[in-house]
Amino acid sequence: MNHLETIIVRVEQCSSTKELKQLHDEVAFVLSSFPLSFQRMLEIYDALSTCHDVLMKQALLLAEREVDRMGIGRKPASFCWFVMGSSGRREATVWSDQDNGVIFSCLSSQKEDCYAYMREYARIGVLFLNEVGYPYCTGHVMATNERWLKEKKDWNEQIQKYVQNEHIDDIRYLSMLVDMRPIYGEPSLVTQLKEALYNKMTTTVSLRHRIVDSIHTPPVPIGPFRRVYVERWGTQSGMIDIKQGGYVQLSHILKWIAVRKQFIHSMSTLERLACWYAKNGCSTKLFERIDEAFRTFLYFRLRCSLEGEKNYLLMQHLSKEEKKQLKKAMAVTKKVQRAARKWV
C-alpha cells in the first residue's frame, strides 16, 4: 500500500491528463502484483478509492482551469461535482466508468450565464476524465447530460418529480442519487441535496411500494443445491456476471434500508450494514452472513477487474474453496432478497 500512497502524492503534481493516465495505469499495475485476500478487501478498496478520488479531482481541477481560460459564461458562486454508483459507495474497481453529476448555486439573475459556464465545464471535465482512464458511461449518467447537471433549486424540483411521479425510470434515478458523494468543489451543496432527498423519500408513503418492487430484480442466479446458473452462449459462455450475481442485490437492499433509517452519512454498503446492525435492525448472525457475502463479492469483482474481464468470472478457473465461498455468498444473498420486503 505504500506504493499507492506515493502515487497519490504524485497526482497533485500532474499538469496534464496524459500524466494522470500514466498514474492510473500504475495503480492497476501495483494492485495486479499485490496478493488479494478476503481479509484485506476493505483496506485495498479504501486505498483504491482514495487513488480514484485524487485522480478525478486533479482532472477536474485541470478542466476548471481550461474553462476559466476560455472565458465562457459566468462562473457560479459555488459548485460541486459528485460521483454515484460504486464510486459513490467507494466500491469502484480498478477500471470504472463515469457516473457523475454537478450541482451549482448562483443568483437567479445569473443563472443563464452560469449554466453556459457549467455546461462547458461538464463537457471538458467528462472529456478529461475519459482521457485519464474513466470511460464514458454507456447509460449517459454524466454531467454532460442535462439530467445530471442542475442549479440547486432546479435539483430540488427534479427530485420532487422523481419522488412523486411514477415513471418507470424514476426509481433508478433516485437509486443513483442516494449514492452521491462530493468529489470536487463545495461539498455542502451535495450534503444539503442528499439530506433533502432522504427526507422526501422517507415521507412519501407511495414511494415505498415502488422501492419494494425494485429489490426483487435481478434474481440471484443460483438454484437448488447451490447450482450456479452461468452464461450459456457467446463469449461469456461458462461465466457468471459477478456484479449481477449478488453484489447489486445486496448493495441495493442496504441502500434502501439506509434511506428508510436515515443513514445519510454512511457511504459504503458495509457502512450501511454496520449502522443497521448497530441500530438493532438485524441479528448478529444475519449481520455476519451479509458481511461475509458482500466481502466475497468485493473480492471477485476486484479480481475480475484486474484480470481484464470486467464483471465476468469463469467458474472453471476457481478453486474448490473459492467456488464454495462464492456459492455460499450467492445463497445468502438470495435469502436476503426474499426477506428484504420487511426491511426497506
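The structure contained in this document is the topic of the report that follows. (Residues numbered from 1 in each chain as written. Predicted model: local features only at pLDDT ≥ 70, side-chain atom pairs only at ≥ 80, totals over all residues. Heavy atoms only, no water.)

### So, unusual backbone geometry
Working step 1: A cis geometry characterises the amide bond from Thr 217 onward to Pro 218, with omega recorded as -5°.
Working step 2: Relative to the helices and strands, Pro 218 resides in the loop between helix H9 (205-214) and strand S5 (239-241).
Working step 3: The phi dihedral of Gln 262 is positive, around 65°, even though this residue is not glycine.
Working step 4: Its location among the elements puts Gln 262 in the loop between helix H10 (243-260) and helix H11 (269-278).
Working step 5: What makes Gln 262 partly exposed here is its relative accessible area of 34%.
Working step 6: Of note, Asn 280 is a non-glycine position whose phi angle comes to about 65°, a positive value.
Working step 7: Checked against the element boundaries, Asn 280 lands in the loop between H11 and helix H12 (284-306). (Helix = DSSP H or I, 4+ residues; strand = E, 2+ residues; numbered from the N terminus. Buried < 20%, exposed > 50% of the residue type's maximum accessible area, 1.4 Å probe, protein only.)

### Examining the packing of H11 against H12
Working step 1: Contact geometry of H11 with H12 gives a least axis separation of 11 Å together with a crossing angle of 180°. When the axis of H11 is compared with that of H12, the two are roughly antiparallel. For the pair formed by H11 and H12, the contact residues are Thr 269, Leu 270, Leu 273, Ala 274, Trp 276 and Tyr 277 on the first element and Thr 284, Leu 286, Phe 287, Ile 290, Asp 291, Phe 294, Arg 295 and Leu 298 on the second.
Working step 2: By residue class, the composition of the contact of H11 with H12 is 10 nonpolar, 2 polar and 2 charged. (Axes fitted to C-alpha atoms, helices over the stretch in contact; angles between N-to-C directions. Parallel < 35°, antiparallel > 145°, perpendicular 65-115°, else oblique. Contact = heavy atoms within 4.5 Å. Nonpolar A, V, L, I, M, F, W, Y, C, P; charged D, E, K, R; others polar.)

### Section: the pairing of strand S1 (residues 78-83)
Along a regular strand, successive side chains alternate from one face of the sheet to the other.
Working step 1: Among the 6 residues in S1, 6 count as buried, and that is most of the element.
Working step 2: Burial of the side chains of S1 extends over both faces: Ser 78, Cys 80 and Phe 82 are buried on one face and Phe 79, Trp 81 and Val 83 on the other.
Working step 3: One ladder, built from 4 bridges, connects S1 with strand S4 (residues 181-185); its direction is antiparallel. Residue pairing for S4: Trp 81 is matched across the bridge by Tyr 184. (Pairing = 2+ DSSP bridges.)

### Details of the pairing of strand S2 (residues 100-105)
Working step 1: Burial runs high along S2: 6 of the 6 residues are buried.
Working step 2: Side-chain alternation along S2 places Asn 100, Val 102 and Phe 104 on one buried face and Gly 101, Ile 103 and Ser 105 on a second face that is also buried.
Working step 3: Here 6 bridges tie S1 to S2, and the two strands are oriented antiparallel to one another. In the sheet register, Val 83 faces S2, and the bridge partner there is Asn 100.
Working step 4: Where S2 meets strand S3 (residues 149-151), 3 bridges bridge the pair, whose relative direction is parallel. For Ile 103, the partnering residue across the bridge sits in S3 and is Lys 150.
Working step 5: With helix H5 (residues 111-132) bridging S2 and its parallel neighbour S3, the resulting β-α-β unit is right-handed. (Right-handed = clockwise from strand over helix to strand, strands pointing away.)

### Focus on the packing of H12 against helix H13 (residues 320-339)
Working step 1: Relative orientation of the contacting elements H12 and H13 amounts to 125°, with a least axis distance of 9 Å. As the angle between them shows, H12 and H13 are arranged oblique. Crossing angle aside, the handedness with which H12 passes H13 is left-handed. Contact residues: H12 offers Leu 286, Arg 289, Ile 290, Glu 292, Ala 293, Thr 296, Phe 297, Tyr 299, Phe 300 and Arg 303, while H13 offers Glu 322, Gln 325, Leu 326, Lys 328, Ala 329, Met 330, Val 332, Thr 333 and Val 336. (Left-handed = near helix turned anticlockwise from the far one by under 90°.)

### Describing the pattern of salt bridges
Working step 1: For the structure on display, the rule yields 22 salt bridges.
Working step 2: A salt bridge links Glu 151 to Lys 111; the shortest N-O distance between them is 3.6 Å. Placement of the pair is Glu 151 in strand S3 and Lys 111 in helix H5, with a sequence separation of 40 residues.
Working step 3: A salt bridge links Arg 210 to Asp 170; the shortest N-O distance between them is 4.0 Å. In this pair, Arg 210 is assigned in helix H9 and Asp 170 in helix H7 (residues 170-178), connecting sequence segments 40 residues apart. (Salt bridge = Lys/Arg side-chain N within 4 Å of Asp/Glu carboxyl O.)

Geometry only, nothing functional implied.
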